[in-house]
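# Analysis of the macromolecular model
Okay, here's what each chain looks like letter by letter:
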Amino acid sequence: MDQSANGNDSKSNNCIDKLIAAKKSLKLSLEKSKTLGLALEKAGPRLEEINQRLPSLEAAVRPIRADKDALSAVGGHINRAVGPAAAVLKVFDAVHGLEKSLLSDPRNDLPGYLSVLKRLEEALRFLGDNCGLAIQWLEDIVEYLEDNRVADGRYLLNLKKALKGLRELQNDGQRVHLDGGLLDAALDKLENEFRRLLTEHSVPLPMPSPSLGEQACIAPSPLPVTVIQKLQAILGRLIANKRLEKCISIYIEVRSSNVRASLQALNLDYLEISVSEFNDVQSIEGYIGQWGKHLEFAVKHLFEAEFKLCNDVFERIGLDVWMGCFAKIAAQAGILAFLQFGKTVTDSKKDPIKLLKLLDIFASLNKLRLDFNRLFGGAACAEIQNLTRDLIRRVIEGAAEIFWELLVQVELQRQSPPPQDGGVPRLVSFVTDYCNKLLSDDYKPILTQVLVIHRSWKHEKFQEKILVSEILKIIKAIDLNLETWVKAYDDATLSCLFAMNNHWHLYKYLKGTKLGELMGDSWLKEHEQYKEYYSTVFLRESWGKLPGHLSREGLILFSGGRATARDLVKKRLKTFNEAFGEMYKKQSGWVISERDLREKTCQLIVQTVLPVYRSYMQNYGPLVEQDASSSKYAKYTVQGLEQMLLALFLPRRERYGSFKGRPTGGKLDNGVDLRRTASAVV
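The protein is annotated in an unreviewed UniProt entry as Exocyst subunit Exo70 family protein of Corchorus capsularis. Listed in UniProt under the heading Function (unreviewed entry), the comment for the protein reads: "Component of the exocyst complex." Quoted verbatim from the Sequence similarities (unreviewed entry) heading of the UniProt record, the comment on the protein is "Belongs to the EXO70 family."

## Points about the pattern of salt bridges
Evaluated as defined, the whole model comprises 34 salt bridges. With a shortest N-O distance of 3.1 Å, Arg 394 and Asp 390 are connected by a salt bridge. Of this pair, Arg 394 and Asp 390 both sit in helix H14 (residues 382-412), four residues apart, which is roughly one turn of that helix. Among the ionic contacts, a cluster of salt bridges with common partners joins Lys 343, Asp 347, Asp 390, Arg 393, Arg 394 and Glu 397.

## Points about unusual backbone geometry
We note that His 459 has phi near 60°; this positive angle belongs to a residue other than glycine. Summarising the element assignment, His 459 is placed in the loop between helix H16 (444-457) and helix H17 (464-488). Look at Phe 649: it is not a glycine, yet its phi comes out positive at around 65°. Overall, Phe 649 belongs to the buried group, its relative accessible area being 1%.

## Details of the nonpolar core
Residues Tyr 251, Phe 303, Phe 376 and Trp 543 are the most contacted members of the largest nonpolar core, which totals 163 residues. With 13 residues, the single largest contributor to this core is helix H9 (residues 285-314). With residues up to four places along the chain from it excluded, the contact list for Phe 376 reads Phe 303, Phe 326, Ala 330, Ile 335, Asp 371, Cys 381, Ile 384 and Gln 385.

## Structural notes on helix H18 (residues 492-510)
Because the α-helix completes a turn every 3.6 residues, residues three or four places apart line up on one side. Spanning 19 residues, H18 covers 27 Å between terminal C-alpha atoms, matching the ideal 27 Å at 1.5 Å per step. Most of H18 sits out of view: 16 of its 19 residues are buried. Structurally, the start of H18 carries an N-cap: the backbone nitrogen of Thr 493 is 2.8 Å from a side-chain oxygen of Asp 491. Phi turns positive one or two residues past the end of H18, at Gly 512, with a value near 80°.

## Re the side chain of Lys 357
Take Lys 357: it is sitting in helix H12 (residues 352-367). On the accessibility criterion, Lys 357 (11% relative accessible area) is buried.

## Concerning the confidence of the model for the protein
Averaged over the protein, the pLDDT score is 80; the fraction of residues at 70 or greater is 72%. Segment residues 211-218 is flagged for pLDDT under 50; beyond a separation of four residues in sequence, or across chains, it makes 16 contacts in the model. Residue range residues 655-682 is modelled with pLDDT below 50. Its contacts to residues more than four positions away, or to other chains, number 70 contacts.

## A few points about the packing of helix H8 (residues 244-264) against helix H10 (residues 319-333)
At their nearest, the axes of H8 and H10 sit 8 Å apart, and the two run at 40° to each other. Note that H8 runs across H10; the crossing there is right-handed. Counted together, Leu 244, Ile 248, Tyr 251, Ile 252, Arg 255, Ser 256, Val 259, Arg 260 and Leu 263 of H8 and Val 321, Cys 325, Lys 328, Ile 329, Gln 332 and Ala 333 of H10 form the full contact between these two elements. Looking at the contact of H8 with H10 residue by residue, the classes come out as ten nonpolar, two polar and three charged.

## Some points on the packing of aromatic side chains
Going through the model one piece at a time under the given rule, you end up with 22 aromatic pairs. Ring geometry for Phe 307 against Trp 322: centres 5.0 Å apart, planes inclined by 75°, an arrangement best described as edge-to-face. Of this pair, Phe 307 sits in helix H9 while Trp 322 sits in helix H10, and the two are 15 residues apart along the sequence. The same class applies to Phe 307 and to Trp 322, which are both buried. Between the aromatic rings of Phe 576 and Phe 580, the centroid separation amounts to 6.1 Å while the plane-to-plane angle is 15°, which identifies the pairing as stacked. With Phe 576 and Phe 580 both in helix H21 (residues 562-587) and four residues apart, the pair spans about one turn of that helix. Residue Phe 576 shares its accessibility class with Phe 580, and that shared class is buried. The structure contains a cluster of three or more aromatic residues connected by ring pairs, namely Phe 303, Phe 307, Trp 322, Phe 326, Phe 372 and Phe 376. Note that Lys 531 overlies the ring of Trp 504, its terminal NZ or CZ placed 4.6 Å from the centroid.

Scoring rules and cut-offs
- Residues numbered from 1 in each chain as written.
- Predicted model: local features only at pLDDT ≥ 70, side-chain atom pairs only at ≥ 80, totals over all residues.
- Heavy atoms only, no water.
- UniProt positions renumbered as here; feature names shortened; annotations may be inferred.
- Salt bridge = Lys/Arg side-chain N within 4 Å of Asp/Glu carboxyl O.
- Helix = DSSP H or I, 4+ residues; strand = E, 2+ residues; numbered from the N terminus.
- Buried < 20%, exposed > 50% of the residue type's maximum accessible area, 1.4 Å probe, protein only.
- Core = buried A, V, L, I, M, F, W, Y, C linked by side-chain atoms within 4.5 Å.
- Contact = heavy atoms within 4.5 Å.
- Expected span 1.5 Å × (residues − 1).
- Polar contact = N/O pair within 3.5 Å; in protein donor to acceptor, adjacent residues only side chain to side chain.
- pLDDT = per-residue confidence, 0-100.
- Axes fitted to C-alpha atoms, helices over the stretch in contact; angles between N-to-C directions.
- Left-handed = near helix turned anticlockwise from the far one by under 90°.
- Nonpolar A, V, L, I, M, F, W, Y, C, P; charged D, E, K, R; others polar.
- Phe/Tyr/Trp six-rings, centres within 6.5 Å; stacked < 30°, edge-to-face > 60°.
- Lys NZ or Arg CZ within 6 Å of the ring centre and 35° of its normal.

This is how it looks when you write it as structure tokens:
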């Protein structure tokens, strides 16, 4: 029994132990459940986060499921793509590092600036050459990843979009996408520096001296060598970046403006005169003289300097470039205006003075012929060449036409009436002086050259004797005109005065001249003799008749004959006074324009009339002076008569004071209009 009791106790104790153990276990489980509950409560958001990351984790582990060969090859593809891309990125960083230097002012350190700019150009060339390669490798790896399903499609899609954008930028061809516009900004600064260097060193050149026509010096280059070297250095970089045209445009603008400033100081407003603004060449002949000097200054000093400078600055680029640049400078600066003025002169109406002015223009152009050929001989100066050739053609044709028509116009005047005052016709004085000028050393060589060229255009030969022969014909035509006009007067005395005037004029003004030498001594002597002859006839047929009215016949005083003598003296004085008054009135309107001939003629008249009158009045004047009507007979005192005679034949300008003005065009002093026909030149 005891054994069974002990057995029962033992079982009871075991049960209690199990219960205690179960209790502890249950308690522990409860605590763990509580802890687990708290942990689960905290793990909820994390699980949600994990749930959201599962797709990317799935994509990350997807390569594990990819083909083994594809996985092993992908590394090489990636390395080949990343290498060029990394190099491109490194260069991009370098470009960014140049930005500060290139946005500074080039004038501070131009060589350094150009060096940095060259590095930028090299970097951009590298980027231009390698960006496409890097993009191609990246496109290849994306295609590989997509084909072998070793990357998530969303990532591949984003890569494709990025690569597409890069490819479009590359194909656009705009360099600005590679450097953010840094190169263009740097080139703009270089252009501004190019303009600044030109502007600051371009100074208008003054006309050297009043005796410009004697100077043939060539102006030196207007820019210092150091400045030219800087301009060339800038040009090198601008040309490398296709900015030559803009650079040339700046150069032409600055330099042509500088030349214009030099010319404006000369007061060249006359170059703008049109044909309608002046009556004839005489009204602008002063401008034509200035034109020659100004043109020589412009060509030998201004355009010569620009020609040399264009060569210095642009010589490394090529002949066509710098010649084209110079041509535009010359055209814009004013050479065309000079040529247009010459054309305006050739368009004016014809007259003899125009011939001389055309010869002046030809002489100026001929003097500059070598300079024109050298400066404006290139293809780029075609417009200047054409205008110059046209001007020369117009000058030569116009001068030749006027010269060959001169004889015709002299002959046409033969039918015109001679001057009413018996003076020297304007035609005679003008033509003789004009022919003398044509034979002078100033004009004869030029006229000969003009006529030679004109004949050559017609395939005809010209000899100097033809020029001399033509002038001889003109003077002989003048002689014939004079013979005709001498016979045209109704009054024989006036005819003699006219002949005396003109023969003396020809002798006096042609003796010792080129024309006088051409005509010969015998011709001159003949005119001198004719003058003497007509002077003698003039005195005999006019004033020489007056003393005959003061005859002493019948005036011997006998006792008781005083009254008879007085009446006879009165009658003869009255006749003398009437004849003198009539002759003086008639000849008061006549003219002897040459002072020496006029004074000599008046003295001869005084010597012919005054001694007889003085003697007559001394002997018989008292007979009438006591008479109440003595003033009717003793009308002139000896002194008064002398003064009247010495005042004869004065030109109008001397009778009435100063004479200002000159005949215009072809209207001469004798009232003859030498432009009666469209082709008239005198």
